[in-house]
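Spelled out, the chains give:
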Amino acid sequence: MEITTDILILGGGLAAYAAAVELRDSGRETLVVAKAPGASALNSGAWDIADSPIRGPRDEWVEWPSWREGLKEILRRQESHPYSVLARGSSDGDFADFVAAKVRAAAEALPLEMAEGDPLALVTDFGTVKPSAWVQASMRDADLRRWQRAKVLVLGVPGFPNFNARFLRHSLLEQQERQGKSHLDFAGSLELEIPELQGRVSLKPVELAQRLDREETFVAAGQAIVRYLEGKVYTHLLLPPVMGIENTPAILEALRRITGLAAAETLSGPMSVPGWRLQAAMERFFQERGIECLEGEAVGFDAEGRRIKSLYVHQGDQRHKVRAKAVILATGKYVGGGVERRGRWKEPIFNLPLFLQGKALRAQTLPQVSRPGVAERQPFLGAGAAINPMGQPLDADGQVVYDNLFAAGGLLADFNPAQERCAAGVSIVSASVAARHAAAAC
Ligand SMILES: Cc1cc2nc3c(=O)[nH]c(=O)nc-3n(C[C@H](O)[C@H](O)[C@H](O)COP(=O)(O)OP(=O)(O)OC[C@H]3O[C@@H](n4cnc5c(N)ncnc54)[C@H](O)[C@@H]3O)c2cc1C
């Protein structure tokens, strides 16, 4: 089948979504092609905007800088970072204000409530504390910077190994000892039986979330907590990040109302229900806006000189030819499939070269671009497509490859979405810039 559109967005993650938000009033017809959910569907629940490259992993959270200070350091120290490249082409006044405006627009258009803070110190389901700037509203009250002598009850579910309430309680108490600030008065833990799941082992996050989505289950859970709370003086409930997929606001609201406590989910590790909520909300945005989405894999393209003419998309056993005036490549990094190393490093659809630390990667082996320590920053996670300030990908000599091709998101070179704590910010901002120039190129 042959399909025609103005702008073709390749990818279905946060960058693709942010591009669609930017394009919503452009009058350009937009088609989204994605083969599957990518890294965005594993997101912890937080949107990180920028973190200072000189902040040490052991710095205490009471001292954490704001994302604006983190951005300033990135712009000062990392000249090939996507923020630095985009800032060089920005004519929108202060670049930090531009970043803030684009992230806010993406958060506000999402049919999922997000909450802002600068910075937030969020508890993870592993008991560590992570800086961020935006978070799903159900996690807002898990910000340690807002706790003052909180009396926290950590709630686990028997048979759900991903969330160990006792371990988390100990971690919180350790945090309290290390910090100068009295955010915590005391912490306790409770394993709460969910009647229909009694006796089960190895419960999966999504399974638990779907069960909790039912009103009779979450109301019964709230009542059981109230019985436990009798005669106790807790102020906060810290919950596993599985409080429903569809009904999260109603569940949190019911738990707060029934127990009278502040209640919040922690951030989530992989197999993330909050990531799934984000993915579902982005897909709902496409649907509600009437943006056509095709589930398929882009495998090749036609070009005339420096212009892409069409893309070839496989959808099951069907083959489509999609003619587009401009293309936004938002295919992510290793998880999404936008970056590959099979013998050599490349971007698989347009065969773009990959860059690391400002230089094109050729036949480097993985050990040559890795470090031995597990906790160290891994250079290979920064490999990606290099762009100019308009978001156009560059060849190995630094020249624009195609005039109507733009790239955004995790795919970009010289930022490491897994370890740098700016993944959502870079994805949203680079996609907004790419979309703006793609619209102008049609
Ligand atoms: C475990 C985990 C936790 C994270 N936690 C956080 C966090 O706390 N804070 C934060 O800011 N960020 C976090 N992130 C990162 C962040 O959510 C993503 O890196 C970011 O959203 C990148 O989005 P993207 O749209 O560029 O890529 P992706 O979300 O990976 O999307 C890429 C899309 O491209 C599609 N695609 C690829 N190739 C093709 C093809 N040939 N044809 C069609 N479609 C194709 C994929 O199917 C997918 O839909 C986390 C990531 C992971 C993996």
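Note that the structure is a prediction, hence the values are computed from the model and not measured.

> I'd love a proper account of the site of the ligand, names of residues and values included.
Close contacts around the ligand come from 34 residues, with A36, A39, S40, S44 and G410 the closest. Between the ligand and the protein, one listed contact pairs an oxygen atom with a backbone N or O atom of A36 at 2.6 Å. Within the complex, 91% of the 1000 Å² of free accessible area of the ligand lies under protein. Broken down by secondary-structure element, the contributors of at least two residues to the shell around the ligand are α1 (14-23), β2 (30-34), β3 (46-47), β11 (297-304) and α10 (423-441). By residue number, the principal contributor to the shell around the ligand is α10, which donates three residues. Taken together, the residues of the shell around the ligand break down into 16 nonpolar, 14 polar and four charged.

> Break down the domain arrangement of the protein chain for me, citing the residues and quoting the values.
Domain parsing of the protein chain yields domain 1 (2-110 + 277-441) and domain 2 (125-267). Using only C-alpha atoms to locate each centre, domain 1 and domain 2 end up separated by 33 Å. Listed as interface residues are 19 residues of domain 1 and, on the opposing side, 25 residues of domain 2. Buried surface at the junction of domain 1 and domain 2, summed over both partners, amounts to about 1900 Å²; 55% is from carbon and sulfur atoms. In terms of surface lost to domain 2, no three residues of domain 1 exceed W61, W64 and R277, which account for 42% of the buried area on that side. Across the domain 1-domain 2 interface, the total number found is two salt bridges.

> How would you explain the sheet that holds strand β9 (residues 262-265) if you had to name every residue and give the values?
Read across the open sheet, the four strands follow the order β7-β6-β8-β9; overall the sheet is parallel. The open sheet has two edge strands with one neighbour each: β7 (184-191) and β9. Each strand of the sheet is rotated relative to its neighbour by a mean of 20°, with strand direction disregarded. When strand β6 (residues 150-156) meets β7, the two strands line up parallel, connected through seven bridges. Of the residues in β7, the one forming a bridge with K151 is F186.

> Go over the side chain of E340 with me, naming the residues and quoting the values.
Here E340 shows up in strand β14 (residues 340-342). The residues touching E340, leaving out its near neighbours within four places in the chain, are W345, K346, P348 and L354.

> Explain the packing of aromatic side chains to me, using residue names and the numbers behind them.
For the structure on display, the rule yields nine aromatic pairs. Residues Y17 and F285 carry aromatic rings whose centres are separated by 5.1 Å and whose planes lie at 80° to one another, so their mutual orientation is edge-to-face. Of this pair, Y17 sits in helix α1 while F285 sits in helix α9 (residues 273-288), placing them 268 residues apart in sequence. Accessibility assignment for this pair places Y17 and F285 in one class, buried. Three or more aromatic residues joined by ring pairs form one cluster here, namely Y17, F285 and F286. Its end group placed over the ring of Y228, K232 keeps NZ or CZ at 4.1 Å from the ring centre.

> Describe unusual backbone geometry, listing the residues and the values that go with them.
The peptide bond linking D118 to P119 adopts the cis configuration, its omega dihedral lying at -10°. Along the chain, P119 turns up in strand β4 (residues 114-123). Positive phi is not limited to glycine here, since S202 has a value of about 50°. Within the element layout of this structure, S202 appears in the loop between β7 and α6 (205-212). Judged by relative accessible area, S202 falls into the partly exposed class, the value being 46%. The backbone phi angle of M271 is positive, close to 60°, even though this residue is not glycine. Along the chain, the position of M271 falls in the loop between β9 and α9.

> Tell me about the pattern of salt bridges, and please be specific about residues and values.
Charged atoms that come close allow side chains of opposite charge to pair. Inspection of every chain in the model, using the stated rule, returns 21 salt bridges. For K325, the salt bridge goes to D6, with nearest N and O atoms at 3.0 Å. Of this pair, K325 sits in strand β13 (residues 318-329) while D6 is found in strand β1 (residues 2-10), placing the two residues 319 residues apart along the sequence. With a closest N to O distance of 3.8 Å, E340 and R342 form a salt bridge. Salt bridges here are not isolated pairs; linked through shared partners, they connect E73, R76 and R77.

> Give me α10: which residues, what numbers.
Along an α-helix, residues three or four apart share an orientation, since each turn contains 3.6 residues. Here α10 spans 26 Å end to end across 19 residues, near enough to the 27 Å set by a 1.5 Å rise per residue. Counting buried positions along α10 yields 14 of 19 residues, so the element is predominantly enclosed.

> Before we move on, can you summarise the sheet that holds β3 with the specific residues and values?
With respect to topology, three strands assemble into an open sheet ordered β3-β5-β4, the strand pairing being antiparallel. The open sheet terminates on both sides in strands that have one partner only, identified here as β3 and β4. In this sheet, strand β5 (residues 129-136) lies alongside β3 in antiparallel orientation, the contact comprising two bridges. Pairing of W47 across the sheet is with W134, part of β5.

> I'd love a proper account of the environment of L122, names of residues and values included.
Within the fold, L122 resides in strand β4. Leaving out residues up to four positions away in the same chain, L122 has contacts with A46, T128, V129, K130, S132, V135, M139, A142, D143 and L267.

> Provide a residue-level description of the environment of E69, including the pertinent values.
Assignment of secondary structure puts E69 in helix α2 (residues 67-77). Each C-alpha atom, one on E69 and one on Q210, is 40 Å from the other, the two residues being 141 residues apart in sequence.

Procedures and definitions
- Residues numbered from 1 in each chain as written.
- Predicted model: local features only at pLDDT ≥ 70, side-chain atom pairs only at ≥ 80, totals over all residues.
- Heavy atoms only, no water.
- Near = heavy atom within 4 Å.
- Polar contact = N/O pair within 3.5 Å; in protein donor to acceptor, adjacent residues only side chain to side chain.
- Areas by Shrake-Rupley, 256 points an atom, 1.4 Å probe, with all protein chains shown as cover.
- Helix = DSSP H or I, 4+ residues; strand = E, 2+ residues; numbered from the N terminus.
- Nonpolar A, V, L, I, M, F, W, Y, C, P; charged D, E, K, R; others polar.
- Domains from an automatic or database assignment.
- Contact = heavy atoms within 4.5 Å.
- Buried area = accessible area lost by both parts, 1.4 Å probe.
- Salt bridge = Lys/Arg side-chain N within 4 Å of Asp/Glu carboxyl O.
- Pairing = 2+ DSSP bridges.
- Axes fitted to C-alpha atoms, helices over the stretch in contact; angles between N-to-C directions.
- Phe/Tyr/Trp six-rings, centres within 6.5 Å; stacked < 30°, edge-to-face > 60°.
- Buried < 20%, exposed > 50% of the residue type's maximum accessible area, 1.4 Å probe, protein only.
- Lys NZ or Arg CZ within 6 Å of the ring centre and 35° of its normal.
- Expected span 1.5 Å × (residues − 1).

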